[in-house]
Amino acid sequence: MTQYIGIDAHSKTCTAVVTDSKGNILKKQVFATSERNLLDFVDSVKRPKILAFEEMNIAHWLFVLHKDRVDQISVAHPAHLSRQRGPKTDFIDSLRLANELRLGTITHVYHNDGPLFELRALTKSHKGFPTDLVRTKNRFKSFLQGRGIFTQGKGVFNDPEILNSIE
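If you're wondering where the values come from, they're calculated on a predicted model, not measured in any experiment.

Novice: When you look at unusual backbone geometry in this model, what are you seeing that I'm missing?
Specialist: Negative phi characterises most residues that are not glycine, and trans characterises most peptide bonds. Cis rather than trans, the peptide bond between R47 and P48 has omega equal to -5°. With respect to the helices, strands and loops of the structure, P48 is situated in the loop between α1 (35-43) and β4 (49-54).

Okay, structure coming up:
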């Protein structure tokens, strides 16, 4: 019997729920987010097992970590998950992921562990750096102007007198 694992993962903790094909909760657990804890939890579930978690900043790490330990992985697009009525908790989110996985209603976000996927991530980051740098410089100049310090050109970013005056 296939077991459906929903994990609501955060940088500090994960909440995981396992359901069967009828939606009965077989297991639930909250644990600190670490490679060992995640692997221990997923390895404790019998095969066949399918895993789901939302697309987020650690989604690719979770994908690569679990790809060989489960029969299928679904990285869910958060905007396409069903809307939750009532309170929102990590347990409810992980149960919703397991249920939507069981019902086949998850909109998938593509992930793989090949070198081209890694290159894509690096290229995307690299493309954003110049924009982020300009935004940061503009915020810094705006910060200075808010304190009555009006400057021209790029010298403001290397002027120790200005930098010392704002401490």
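Novice: Could you clarify how one ought to interpret the packing of α1 against helix α2 (residues 59-66) in this entry?
Specialist: Helix-helix packing is characterised by the crossing angle of the two axes and by the distance between the axes. At a closest axis distance of 11 Å, the pairing of α1 and α2 adopts a crossing angle of 50°. Between α1 and α2, the angle falls in the class oblique. The crossing of α1 and α2 is right-handed. Residues E35, L38, L39 and V42 of α1 pack against W61, L62, L65 and H66 of α2. Here the contact of α1 with α2 is built from residues that sort into six nonpolar, one polar and one charged.

Novice: For this particular structure, what's the right way to read the nonpolar core?
Specialist: The biggest cluster of nonpolar side chains holds 22 residues, and the ones touching the most others in it are I5, I7, L38, F41, L51, F53 and I73. Sorting the residues of this core by element identifies β1 (3-9), β2 (13-19), α1, β4, α2 and β5 (72-76) as the ones contributing at least two each. F41 has contacts with I5, A16, V18, K27, Q29 and F31, leaving out every residue within four places of it along the chain. Within the second largest apolar cluster, eight residues are counted, among which are I50, L81, L101 and I106.

Novice: Got a minute to help me understand the pairing of β1 in this structure?
Specialist: It is a general feature of regular strands that their side chains alternate between the two faces of the sheet. The buried count for β1 comes to seven of seven residues, which makes it a mostly enclosed element. Of the two faces of β1, the one lined by Q3, I5, I7 and A9 and the one lined by Y4, G6 and D8 are each fully buried. The sheet contact formed by β1 and β2 spans six bridges and is antiparallel. Residue pairing for β2: A9 is matched across the bridge by C14. Joining the antiparallel neighbours β1 and β2 is a turn of three residues.

Novice: Would you mind showing me how to read the pattern of salt bridges here?
Specialist: Pairing between side chains becomes possible if they bear opposite charge and their charged atoms approach one another. Summed over all chains, the structure comprises eight salt bridges. Across the pair D43 and R69 runs a salt bridge, and its minimum N-O distance is 2.9 Å. Separated by 26 residues along the polypeptide, D43 in helix α1 and R69 in the loop between α2 and β5 bring together distant segments of the chain. For D43, a relative accessible area of 38% puts it in the partly exposed group. Between D93 and K88 there is a salt bridge whose closest N-O contact spans 2.4 Å. Among the residues examined, D93 registers a relative accessible area of 3% and is labelled buried. Residues joined by salt bridges that share partners form a network here, namely E54, K88, D93 and R96.

Novice: What's the story with the environment of H80 in this structure? I'm lost.
Specialist: Here H80 lies in the loop between β5 and α3 (90-103). Under the relative-accessibility criterion, H80 is labelled partly exposed at 46%. Distance in space between the C-alpha atoms of H80 and R139 is 34 Å, their sequence separation being 59 residues.

Basis of the calculations
Residues numbered from 1 in each chain as written. Predicted model: local features only at pLDDT ≥ 70, side-chain atom pairs only at ≥ 80, totals over all residues. Heavy atoms only, no water. Helix = DSSP H or I, 4+ residues; strand = E, 2+ residues; numbered from the N terminus. Axes fitted to C-alpha atoms, helices over the stretch in contact; angles between N-to-C directions. Parallel < 35°, antiparallel > 145°, perpendicular 65-115°, else oblique. Left-handed = near helix turned anticlockwise from the far one by under 90°. Contact = heavy atoms within 4.5 Å. Nonpolar A, V, L, I, M, F, W, Y, C, P; charged D, E, K, R; others polar. Core = buried A, V, L, I, M, F, W, Y, C linked by side-chain atoms within 4.5 Å. Buried < 20%, exposed > 50% of the residue type's maximum accessible area, 1.4 Å probe, protein only. Pairing = 2+ DSSP bridges. Salt bridge = Lys/Arg side-chain N within 4 Å of Asp/Glu carboxyl O.

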